[in-house]
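Read off the chains here:
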Amino acid sequence: MDETMRMPKSLYGMKPNELLGALGLAKSYQGKQVHKWLIRGVASFDEMTDLPKDLRERLGAAMPSLTSSRIIDEQTDSSGATKLAIGLHDGAVVECVILTDKENRKTACLSSQVGCAMGCTFCRTGTMGLVRNLQAFEIIEQFVHIRRIAPETTHIVFMGMGEPMANFSEVIHAITYLHDPNGYDIGLRKITISTCGLVPGILQLAELNLPVRLAVSLVTADDRLRTTIMPVNKAYPLGDLKKALIRYQHMVGKRFTLEYVMLHDQNTDGKAAKQLADFIRGLDVVVNLIPWNPAAELPWETPGRKEIDAFIRELDLLGVPYTRRFSRGRGVNGACGQLAVKQSVGDVNG
Ligand code: SAH
Ligand code: SF4
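**Here we look at the site of ligand 2**
Surrounding ligand 2, one finds Cys116, Met118, Gly119, Cys120, Cys123, Gly126, Gly162, Glu163 and Cys196. Looking at the shell around ligand 2 residue by residue, the class counts come to five nonpolar, three polar and one charged.

Set out below in structure tokens:
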């Protein structure tokens, strides 16, 4: 290794042969060795015990941490959701969440951006605006931190901060890395991309024909209301969104999810149910009903039990397929749409 060589910010996102070059390794098999240790989640070169000691020492001195980010806060609530605040190399902070379901399956909820430019009025992240896109290694590192805490994590959803379709290539790079059978080997069907309805992204995903799962945050099938609460609907109104979804379905041929955040007195009456039934005609979807997670600074309310039950009865009558999602993570503000960070930390790398 050349002493003066510039070390990368992170070793995550690189294939074994790219590691060879980045670290100036002499032996070609050492790229694979380092890669294997990275996937195991070791904290430093020192733990890579099949590398020669002097090499470990030199690499360790040049790069004390294998990740560009670090956990700066960890909170667990009564539902078993653990929220991590991750400090990035430039001092920005993102959040990711470990969710555990009834079957004890663990899902990593990852962020794709710091903040979000989409400005949905019911979402805390939306109130932050966009700070910046995450690079692929910063997306992967969230999973690295999560795996160190919960090694049995098998599923990934892009439902943390940010709009994944607005950071498409970095998200796809991260997914490709996380899917790699020689790495984390996460099945594509265990990965969900959630979008507010950015049509070009949906079409790009259709073209890639990557069998990840797609979730679309519909929230309402009323064009006027949607434009009011989700500015993305101005650029891509429901008609365009539906066309893109039909195209996606045609190319990928898989059932997808519509996320329906229920807002008191806004999108839960008989008319809303009818509009939803009309929208899904011709689409192979299941609607995921999510009661709005409160955020004190936002002017919405969570619908009560009765209101939700009445809405569900309407959906039953109309034959709309749905699931109900219990909002895990509320206790740590780690539930959907509750992720927002104001603090900033000092530069992680010093
Ligand atoms: N930007 C992407 C992914 C992140 S948002 C998207 O919009 O799909 C993840 C999910 O949280 C979306 O389904 C969104 O509609 C939902 N969400 C946002 N704010 C929420 C809130 N306050 N309560 C419940 N769900 C919310
Ligand atoms: Fe962004 Fe999704 Fe929140 Fe809308 S719901 S502001 S797209 S993170």
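**Remarks on a negative patch on the surface**
A cluster of like negative charges, contributed by Asp265, Asp269, Glu301 and Glu314, occupies part of the molecular surface. Looking at the secondary structure, you find Glu314 in helix H12 (residues 305-318). Relative accessible area serves as the criterion here: at 32%, Glu314 is assigned to the partly exposed category.

**Remarks on the site of ligand 1**
In the vicinity of ligand 1 lie 19 residues, with Gly162, Ser194, Ser217, Trp292 and Asn293 positioned nearest. Contact between ligand 1 and Asn293: a nitrogen atom at 2.8 Å from a main-chain N or O atom of the residue. Within the complex, 96% of the 530 Å² of free accessible area of ligand 1 lies under protein. Residue assignment for the shell around ligand 1 shows that the elements contributing at least two residues are strand E8 (191-195) and strand E10 (256-262).

**As for the confidence of the model for the protein**
Across the protein, the average pLDDT comes to 92, with 91% of residues at or above 70. Segment residues 342-350: pLDDT under 50, and 22 contacts once partners within four positions in sequence are set aside and those in other chains are kept.

**Looking at the pattern of salt bridges**
Taken as a whole and assessed by the stated rule, the structure comprises 14 salt bridges. As a salt-bridge pair, Asp309 and Arg324 come within 3.9 Å of each other at their nearest N and O atoms. Here the residue Asp309 occupies a position in helix H12, and Arg324 occupies one in strand E12 (residues 322-324), the gap between them amounting to 15 residues. The network of salt bridges with common partners includes Asp90, Arg132 and Glu138.

**Thoughts on the sheet that holds E12**
With respect to topology, 10 strands assemble into an open sheet ordered E1-E2-E3-E4-E7-E8-E9-E10-E11-E12, the strand pairing being mixed. For this open sheet the edge positions go to strand E1 (70-76) and E12, each flanked by a neighbour on one side alone. Taking each pair of neighbouring strands and ignoring which way they run, the sheet shows an average axis angle of 25 degrees. Two elements, E8 and strand E9 (residues 213-217), share four bridges in a ladder whose sense is parallel. Considered in E9, the bridge of Ile193 is made with Leu214.

Criteria and thresholds
- Residues numbered from 1 in each chain as written.
- Chains lettered and ligands numbered in written order.
- Predicted model: local features only at pLDDT ≥ 70, side-chain atom pairs only at ≥ 80, totals over all residues.
- Heavy atoms only, no water.
- Near = heavy atom within 4 Å.
- Nonpolar A, V, L, I, M, F, W, Y, C, P; charged D, E, K, R; others polar.
- Patch = residues over 30% accessible without salt bridge, like charges linked within 9 Å, V, L, I, M, F, W, Y side chains within 5 Å.
- Areas by Shrake-Rupley, 256 points an atom, 1.4 Å probe, with all protein chains shown as cover.
- Salt bridge = Lys/Arg side-chain N within 4 Å of Asp/Glu carboxyl O.
- Lys, Arg positive; Asp, Glu negative; His and termini not counted.
- Charge placed at Lys NZ, Arg CZ, Asp CG, Glu CD.
- Helix = DSSP H or I, 4+ residues; strand = E, 2+ residues; numbered from the N terminus.
- Buried < 20%, exposed > 50% of the residue type's maximum accessible area, 1.4 Å probe, protein only.
- Polar contact = N/O pair within 3.5 Å; in protein donor to acceptor, adjacent residues only side chain to side chain.
- pLDDT = per-residue confidence, 0-100.
- Contact = heavy atoms within 4.5 Å.
- Pairing = 2+ DSSP bridges.
- Axes fitted to C-alpha atoms, helices over the stretch in contact; angles between N-to-C directions.

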